[in-house]
Amino acid sequence: MDKKMLKPVVFILSILLAVIGTTLYMGTYFSGLLFILAAVAVFLVYRWLESGKTALIDLLKAGARTLMVPFFGIIIAIVIGAIVMLASNYDPIESYRALFYGAFVRNWYVSVLNAAPLMFTGLSVALAFHAGLFNIGAEGQYYIGAMAATFLGLNMNLPPVLSLVLIFILSGMLASAWNIVPAVLKVRTGAHEVITTMMLAHTARYLSPIFIRAHGGDPSTSDHAYVTDQLPETNWLPRFNSFLPDANYRLHVGILVGIVMALLVYYLLYHTRIGFEIRAVGENKDAARAQGISVGKAIMMALLFAGFLAGLAGVNQVVGLDHKLYENLSAGYGWNGISVALLAGSHPIGVIFTALLWGALDAGGQYMARVTDTSNSIVEIIKGIILFLVVAKYIYAYLGNRIRRYRRRTQEAAKEAT
Amino acid sequence: MSAQQDTKQVILETKSIVKQFPRVLANNDISIKLHKGEILSLLGENGAGKSTLMNVLYGLYTQTSGKILLNDQEVEFNSPKDAIDFGLGMVHQHFMLLDPFTVTENIILGAEPGKFGTIDYKQAREEVKAISEKHGLKVDPDATVESLSVGLQQRVEILKALYRKANILILDEPTAVLTPQEVDELFEVIKGLRDSGVSVIIITHKLEEVMAISDRVYILRGGEVVGERKTSETSKTDLANLMVGREVVLTVEKEDKEAGDQPVFKIEDLRVLNQKNYPAIDGLSLDIKPGEIVGIAGVDGNGQSELAEALIGLLPVDSGKVIHLGDDITDLSTKHRIKRSISYVPSDRHRHGLVLPMTIGENIMIGYHDRTPYVKSGFHLDYKYINSHAAELVEAYDIRTPDVQNPAEKLSGGNQQKVILAREFSRDPTFLLVSQPTRGLDVGAIEYIHRQILAMRDHNVAILLISLELEEIFALSDRIEVLYEGRIVKEFDPKQTDHKEVGYYMTGGKE
């Protein structure tokens with residue numbers, strides 16, 4: 001009876017600790033890490049209570065196995081990065097110290113700011129991958145979301161919370177509508193979504209300068225000519241420093257929205273009917289069809305959800321960070337979302353971490369370039385190598401086989417020698 | 001003849017071959033002998049180690065320990081090229097041919113005659129012609145491979161080996177893709193090769209094949225040789241028992257059963273177009289009554305897959321009607337047919353039957369994933385129920401797996417088929433469409449699946465069975481319908497006919 005009472009209590013405690021920890025940590029309160037670790041520990045206790053010791057050990061083992069490949073990839077990438085720096089006469093130790101200090105301590109808030117849009121676009125690409133689709137045009141949906149959020153933010157005069165919620169939902173839906181054409185073309189004619197979403201991505205990107213000029217501020221009062229008017233403060237996303245006084249004044253709660261979306265996408269994919277249909281179609285559309293699943297509907301839903309998520313990245317930037325839309329055509333959150341999704345193996349929870357890693361590497365790179373002579377293009381090299389080493393998983397199977405074969409040969413040689 | 005064989009020269013011998021894979025001991029201490037000019041069978045179920053042994057012989061794998069002797073000389077093959085140089089030839093189950101190339105080009109590929117990097121096509125063509133005439137393997141040297149039937153493509157593979165001067169020929173499941181007539185022709189060819197001094201090894205899990213063609217047979221089970229028999233001194237039952245390791249029933253017993261009078265499923269003058277817009281099913285009519293199994297016999301490619309897909313709603317019907325329990329369902333979607341308790345066991349279980357990376361539980365649920373109790377409040381999947389329900393069926397259908405949360409791809413072929421059976425049979429179907437239910441499965445699994453299908457018949461389900469295996473048609477059907485070029489050309493009572501007569505109509509009533 002005690003155990004029965006205990007289980008929900010332990011579960012709720014772990015959730016509570018995780019929420020507090022994440023909020024604190026994303027608000028640059030490093031004590032949040034302790035809460036997160038405590039939450040993990042309490043969660044393991046919960047699993048132990050629920051399914052016993054062996055299941056817990058299996059869970060830990062599976063966890064370790066999943067983390068091995070990315071961990072290994074990151075270490076190797078760092079080593080190769082060091083070699084590149086040595087070869088180009090930079091001091092790797094000095095540079096890496098600056099990189100990590102900048103990414104995870106000094107400018108952690110920049111890392112978090114960078115990670116938020118990547119989380120949304122990463123989720124968008126990851127969700128589409130589950131349906132066997134490559135939403136390469138997340139960049140375009142990002143711009144549609146950003147433009148819609150700017151337009152709504154400038155023109156909507158509703159109570160603050162309601163207006164923000166509406167901005168998120170309506171802008172997301174508009175971005176999702178941007179994917180209707182590729183989705184219909186895919187279902188009806190089989191036109192490949194890589195081509196169609198990519199083309200529409202360029203269209204959306206270059207629509208943005210026109211939109212900005214139509215909603216522009218007075219160039220004489222701004223040092224940036226190509227920018228829209230500023231959104232009224234009622235339509236800004238709350239900032240961490242409104243409840244955590246030491247947080248950086250620019251840091252907004254978009255990252256928390258991103259984490260919640262990741263959890264929702266996880267739930268959608270693995271615990272709902274439509275998610276099951278999306279995954280079944282992605283893994284084997286012939287078998288799915290033979291069991292009465294509509295392949296067209298699953299593709300449609302996946303692309304619309306993907307568009308919605310990518311659109312939220314744009315909303316997040318406008319209502320959270322910039323509060324206006326810049327003609328910034330080089331940020332590339334949509335393109336980088338592809339890397340983030342690939343690195344996470346398309347797992348929505350994995351996207352949280354890979355987005356943070358990518359954001360941190362960018363922030364660290366900027367800091368490193370400022371305080372040392374090292375060019376921050378090193379960071380791009382490291383990112384490329386990490387992605388390569390993690391995505392190209394077959395390398396490990398190959399290496400594993402080679403090692404096993406070598407061991408067997410040496411054992412045989414030893415046997416024959418005796 | 002068999003008495004002489006012991007005195008015949010041993011041409012190929014393996015001594016205590018062991019092949020250890022990371023988790024599986026595929027071959028354990030295998031010693032076999034092949035005499036000059038004999039046909040030897042290696043019989044075993046899937047996973048018995050036959051293919052591994054042949055791949056070791058052919059230089060694709062290196063053995064963990066053990067020796068290969070060729071004419072009493074120890075040899076080591078590091079690649080198929082070495083094996084070919086020593087006179088071994090292999091015909092794989094899946095042909096390794098370049099479809100747009102001609103027969104001659106395919107045969108000489110990798111051993112082209114000619115000087116300084118040029119190819120002497122004229123000489124090549126002559127040589128190919130000479131070999132094909134010598135061995136009675138008739139095939140047009142100038143035809144492209146894609147224009148040939150499967151049986152002729154296999155001939156090209158055999159010619160390829162002979163062109164490279166093979167005197168030992170390994171055939172991996174050679175009849176798997178052939179029609180009954182092509183099988184007979186192949187056997188003639190193999191016998192001809194033996195008589196001209198070529199030694200042949202046939203890898204198979206089909207007992208009929210062993211009995212029909214080989215002189216001697218080794219039986220493999222679990223990576224070991226469990227028996228050696230002269231074909232003239234053994235029986236199918238003996239071989240089956242050795243192969244499975246227990247008493248098996250080759251033809252499950254079937255009691256007579258009166259079918260109901262009102263047909264459950266009616267097909268009226270059905271016409272279905274294939275992808276090339278050509279009528280694959282052309283005016284087919286059929287009634288299936290409750291408690292009877294109607295067997296569709298036919299050579300592959302006579303409309304079987306189009307018929308199955310049209311009946312389940314995956315392919316549109318061009319004209320005609322499909323009626324289930326009195327309602328016209330011709331234009332109903334697959335989803336709604338499943339709702340009407342129509343069940344389907346597809347012939348290609350990997351492509352149409354299972355979502356391999358998904359768990360066993362999910363594969364048992366799929367199709368019913370949109371209804372309670374699998375779904376709660378319309379969208380939330382209740383995995384607790386899904387997995388416990390799957391666990392019950394895993395138990396009931398004897399599916400060998402440690403956990404219902406294992407992906408389906410981790411199961412053996414027989415267990416994968418049992419997952420599909422569990423899903424379809426547990427849904428209380430009124431009409432059951434079963435297409436090639438035992439394709440590629442071994443004797444033990446076939447017995448089990450046949451029993452389950454008969455049990456469904458005894459529960460008054462109307463069953464339509466499509467199979468390319470005449471054995472299966474005869475073992476299960478209460479009525480045999482012969483499908484030829486999209487039409488039913490003949491109906492038989494299985495008790496009043498035989499393989500030969502049915503086979504005759506399967507090829508259009510022509511020799």
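A. Structural context of the overall build of chain A. Check the secondary structure of chain A and you find 16 helices and 0 strands. Its C-alpha atoms give chain A a radius of gyration of 24 Å, within 12% of the compact-globule value 22 Å for 418 residues. Expressed as lengths along the three principal axes of its C-alpha atoms, the size of chain A is roughly 90 × 60 × 55 Å. Across the 418 residues in chain A, those meeting the buried criterion constitute 44%. Taking the intrachain contacts of chain A between residues at least 6 apart in sequence as the baseline, contacts between residues at least 24 apart amount to 74%.

B. Focus on the overall build of chain B. Looking only at helices and strands, one finds 18 helices and 22 strands in chain B. On the principal axes, the C-alpha backbone points of chain B span a range of 70 × 50 × 50 Å. Burial status across chain B gives 45% buried among its 511 residues. Of the contacts made within chain B by residues no fewer than 6 positions apart, 69% connect residues no fewer than 24 positions apart.

C. Structural detail: helix H9 (residues 254–271) of chain A. Helix length check: H9 of chain A (18 residues) gives 25 Å between terminal C-alpha atoms against 26 Å at 1.5 Å per residue, within 8%. Among all positions of H9 of chain A, only Gly254, Ile255, Val257, Gly258, Ile259, Met261, Ala262, Val265, Leu268 and Leu269 of chain A are buried.

D. Examining the pairing of strand E22 (residues 487–492) of chain B more closely. Bridging between strand E21 (residues 479–484) of chain B and E22 of chain B involves 5 bridges; their strand directions are antiparallel. Within the sheet, the bridge partner assigned to valine 482 of chain B lies in E22 of chain B and is lysine 490 of chain B.

E. Representation of the packing of H9 of chain A against helix H14 (residues 348–371) of chain A within the structure. All names here are of chain A. Two numbers describe how H9 lies on H14: the axes approach to 8 Å, and their chain directions differ by 155 degrees. If you check the angle between H9 and H14, you find them roughly antiparallel. Across the interface between the two elements, Ile259, Ala262, Val265, Tyr266 and Leu269 from H9 touch Pro348, Ile349, Val351 and Ile352 from H14. Of the residues assigned to the contact of H9 with H14, the class counts are 9 nonpolar, no polar and no charged.

F. Local environment of the domain arrangement of chain A. Residue and element names in this part refer to chain A. Considered domain by domain, chain A is made up of domain 1 (1–88) and domain 2 (90–393). Computed from C-alpha atoms alone, the centre-to-centre distance between domain 1 and domain 2 is 24 Å. Contact residues are listed per partner, giving 20 residues for domain 1 and 24 residues for domain 2. Contributing elements (two or more residues each) for the side of domain 1 that touches domain 2: helix H1 (2–26) and helix H2 (32–87). Top contributing element to the side of domain 1 that touches domain 2 by residue count: H2, with 13 residues. Split into classes, the residues belonging to the side of domain 1 that touches domain 2 amount to 13 nonpolar, 7 polar and no charged.

G. Quick peek at the sheet that holds strand E3 (residues 39–44) of chain B. Residues and elements named next belong to chain B. The 6 strands are arranged E6-E7-E8-E3-E9-E10 in an open sheet whose pairing can be described as mixed. Every other strand in the sheet has two partners, leaving strand E6 (88–91) and strand E10 (224–230) as the edge strands with one partner each. Sheet twist, expressed as the average angle between the axes of neighbouring strands with direction ignored, equals 20 degrees. Across 4 bridges, E6 lies against strand E7 (residues 168–172) in parallel orientation. Bridged to methionine 90 within E7 is isoleucine 170. Sheet contacts for helix H2 (residues 50–57): E3, E6, E7, strand E8 (199–204) and strand E9 (216–221); angle to E7, the most-contacted strand, approximately 145 degrees.

H. Seen up close, the domain arrangement of chain B. All names here are of chain B. For chain B, the assigned domains read domain 1 (1–87 + 167–174 + 193–248), domain 2 (94–165), domain 3 (254–341 + 428–511) and domain 4 (354–427). Of the residues lining the interface, 13 residues belong to domain 3; the matching set on domain 4 comes to 8 residues. In terms of residue count, helix H16 (residues 443–458) provides more of the side of domain 3 that touches domain 4 than any other element does, 4 residues in total. When its residues are assigned to classes, the side of domain 3 that touches domain 4 shows 8 nonpolar, 3 polar and 2 charged.

I. Inspection of the pairing of strand E2 (residues 25–35) of chain B at higher detail. Residue and element names in this part refer to chain B. Of the pairings in the sheet, the one linking strand E1 (residues 10–20) to E2 comprises 7 bridges and is antiparallel in character. Following the sheet pairing, lysine 19 is matched in E2 by asparagine 27. Once E1 ends, the chain turns through 4 residues before running back antiparallel as E2.

J. Representation of the environment of valine 443 of chain B. Residues and elements named next belong to chain B. Turning to its location among the elements, valine 443 is positioned in helix H16. Assessed through the 21 C-beta atoms surrounding it within 10 Å, valine 443 is described here as buried. Sequence separation between valine 443 and glutamate 45 is 398 residues; the distance between their C-alpha atoms is 7.3 Å. Valine 443 has contacts with Glu45, Ala240, Met243, Val244 and Val248, leaving out every residue within four places of it along the chain.

Each value, and the rule that gives it
Residues numbered from 1 in each chain as written. Chains lettered and ligands numbered in written order. Predicted model: local features only at pLDDT ≥ 70, side-chain atom pairs only at ≥ 80, totals over all residues. Helix = DSSP H or I, 4+ residues; strand = E, 2+ residues; numbered from the N terminus. Rg over C-alpha atoms; globule rule 2.2 N^0.38 Å. Buried ≥ 20, exposed ≤ 12 C-beta atoms within 10 Å, placed from the backbone. Contact = placed C-beta atoms within 7 Å. Expected span 1.5 Å × (residues − 1). Pairing = 2+ DSSP bridges. Axes fitted to C-alpha atoms, helices over the stretch in contact; angles between N-to-C directions. Parallel < 35°, antiparallel > 145°, perpendicular 65-115°, else oblique. Nonpolar A, V, L, I, M, F, W, Y, C, P; charged D, E, K, R; others polar. Domains from an automatic or database assignment.

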